Amino acid sequence: MLKRGNSFGAMRMLCWGFGFIGFMFVKLVQGFENGNVTDMLYFNNNRPLMVGLTLIYGAAAKGAVCLDGSLPGYHFHRGYGAGSNSWLIQLEGGGWCGNVRNCIYSKKTRHGSSAFMEKQIPFVGILSNKAWENPDFYNWNRIKIRYCDGASFTGDSQNERAGLFFRGQRIWLAAMEDLMSKGMRYAKQALLSGCSAGGLATILHCDEFKEMFPRTTRVKCLSDAGLFLDAVDVSGHRSLRNLFGGVVALQGAQRNLPRTCTSRLNPILCFFPQHSIASVKAPLFLLNAAYDTWQIQASLAPPSADYHWNWYDCRKNYARCSAPQMQYLQGFRNQMLRAVRRFSKLRKNGLFINSCFAHCQSERQDTWFARDSPHIGNRGIAQSVGNWYFDRVQVQAIGCPYPCDKTCHNLM
């Protein structure tokens, strides 16, 4: 009896251990993406500008609320001088929730409730107010719209039983209306940007954003780490398609996806930007790492697809990937390049795809603009985006495959 009891206890401990590891990996992936937003270390001695949270008090009357029903918000730093009539809107990222259980969890975090949002966040990278950190946009009106809907600002539904509000589209419209009333309607120049889930939202809302301004206003969009691919994972399935399918169905997002795509494809496929980027009318710039670390960890080789944990070391550190694993990741890079082929032929568009293991490079100062920031040729990210936005130089930059790029700031 004692031997059987010990065996049963050992089995319970083993199961508990695997469950804990899986839970911690999910938290790691969530924390990894969130860390690019407000929790990154600063790579210089300059103290960043801290900008307070503004709640949109008129949003509730429009039903534009976070997952838990709280008010949405943004952080706003006024422009000055030559940038006083120029506006940069950045949409925050933070993953998605595609089922009720995950959304209930999210509504108790800063990605589902303004009650948990930081009261102040640092403005660094493309949001920096220092000319030596952000040469083209430092004196613009710069706004970071917080992400609390879990569907890249596209949902418009509700689950009364679970107390969940899927109102991303309404939050987007309420934020735009509020900012228009604060002077954005007079903009001479405007740039919509976003990282990760916010980068996807930038693509989905780009033309809608452009239509809010007169034709005389220069309006463009920048998507950072938003090129999520409908890729086959290491088990032969499509993990990200399953997630996006849940998001679209649960949150009623299909009504707010680009009609140029939904008129010919299943709405779930239209949540993948590869099917709509070439149809975006407004000028669009894609900034993406060819070996996007979030997609490696959560789409290509998530624990749910890695049955034998063969990818465990590779997920944590690209330097530990075996030759076959690197060949698999090279295939992912090739798929990304095929996805942008038609998009890149349009002169109005810009492209910067470096062969780095990274995710969200415009929000970090060390990757956006620094002495050793990533380059393709002789131009870094900030310079490339500025050249494209101001029509100084056409930018269609694609780096050589790993491991030839020695300027990367690879994440582990």
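A few points on the structure. Model, not experiment: these values are computed from the prediction.

With that settled, consider helix 5 (residues 239-251). Taking 1.5 Å of rise per residue, the 13 residues of helix 5 would be expected to cover 18 Å, and the 18 Å separating its terminal C-alpha atoms lies within 8% of that figure. Within the span of helix 5, buried status applies to S239, L240, F244, G245, G246, V247, V248 and Q251. Here the buried face of helix 5 lies against helix 2 (100-106), strand 6 (157-159), strand 7 (164-166), helix 4 (197-210), helix 7 (267-270) and helix 8 (293-300). Phi for G252, located one or two positions after helix 5, is positive at around 65 degrees.

This brings us to the side chain of T367. Take T367: it is sitting in helix 12 (residues 365-368). Assessed through its relative accessible area of 2%, T367 is described here as buried. Only 3.3 Å separates the side chain of T367 from the backbone oxygen of R364, close enough to count as a polar contact. Setting aside residues up to four positions removed in sequence, T367 forms contacts with C360, Q361, S373, P374, I381 and H409.

All right, on to the state of the cysteines then. Two cysteines form a disulfide when their sulfur atoms are joined by a covalent bond. Tallied over the full model, the rule gives eight disulfides. The residue that forms a disulfide with C97 is C103, at a sulfur-sulfur distance of 2.1 Å. Judged by the sign of its S-S torsion, about 95 degrees, the cystine formed by C97 and C103 is right-handed. Per residue, the accessibility class of C97 equals that of C103, and both read buried.

Turning next to the side chain of Q90. Among the structural elements, Q90 can be located in strand 3 (residues 86-91). Excluding residues within four positions of it along the chain, Q90 makes contact with I126, L127, I143, K144, I145, S193, G194, S362 and E363.

What follows is about the packing of helix 3 (residues 168-181) against helix 4. Across the interface, helix 3 lies against helix 4 with an axial gap of 13 Å and an inter-helix angle of 35 degrees. Once helix 3 is placed against helix 4, the crossing between them reads as right-handed. Contact with helix 3, carried on its side by Q169, W172, L173 and M176, involves H205, E208 and F209 of helix 4 and no other residues of that element. Partitioned by chemical class, the residues of the contact of helix 3 with helix 4 number four nonpolar, two polar and one charged.

Our next topic: empty space enclosed by the protein. Tallied over the entire structure, the rule returns four cavities of 30 Å³ or more. Here the largest cavity is characterised by a volume of approximately 110 Å³. What lines the largest cavity is a set of 14 residues, and nearest its centre among them are T293, Q297, C314, R315 and L411. Those elements that place two or more of their residues in the lining of the largest cavity are helix 8 and helix 9 (312-316). Of the residues in the lining of the largest cavity, the class split is nine nonpolar, three polar and two charged.

Overall, mixed pairing links the ten strands, which are arranged 4-1-2-5-3-8-9-10-11-14 in an open sheet. In the strand order of this sheet, the two ends are held by strand 4 (120-123) and strand 14 (396-398), each with one partner. Looking at each pair of strands side by side, their axes are set apart by 20 degrees on average, direction ignored. Across four bridges, the pairing between strand 2 (residues 73-77) and strand 5 (residues 141-145) is antiparallel.

This part is about the layout of surface pockets. Within this model, the second largest pocket holds a volume of roughly 390 Å³. Together, 17 residues line the second largest pocket, and L204, D207, E208, P258 and R259 are the ones closest to its centre. Those elements that place two or more of their residues in the lining of the second largest pocket are helix 4 and helix 6 (259-262). When residues in the lining of the second largest pocket are grouped by element, the largest group, five residues, is from helix 4. Among the residues forming the lining of the second largest pocket, the class breakdown is five nonpolar, six polar and six charged.

By the secondary structure assignment, G95 is in the loop between strand 3 and helix 2. For G95, a relative accessible area of 9% corresponds to the buried category. Separated by 56 residues in the primary sequence, G95 and A151 have C-alpha atoms spaced 8.1 Å apart.

Parameters at a glance
- Residues numbered from 1 in each chain as written.
- Predicted model: local features only at pLDDT ≥ 70, side-chain atom pairs only at ≥ 80, totals over all residues.
- Heavy atoms only, no water.
- Helix = DSSP H or I, 4+ residues; strand = E, 2+ residues; numbered from the N terminus.
- Expected span 1.5 Å × (residues − 1).
- Buried < 20%, exposed > 50% of the residue type's maximum accessible area, 1.4 Å probe, protein only.
- Contact = heavy atoms within 4.5 Å.
- Polar contact = N/O pair within 3.5 Å; in protein donor to acceptor, adjacent residues only side chain to side chain.
- Disulfide = S-S within 2.5 Å.
- Axes fitted to C-alpha atoms, helices over the stretch in contact; angles between N-to-C directions.
- Left-handed = near helix turned anticlockwise from the far one by under 90°.
- Nonpolar A, V, L, I, M, F, W, Y, C, P; charged D, E, K, R; others polar.
- 1 Å grid on protein atoms, 1.4 Å probe; cavity = no way out; pocket = protein on both sides within 12 Å on 5 of 7 lines; lining within 4 Å.
- Points joined across faces, edges and corners; volume = space filled by probe spheres on them.
- Pairing = 2+ DSSP bridges.

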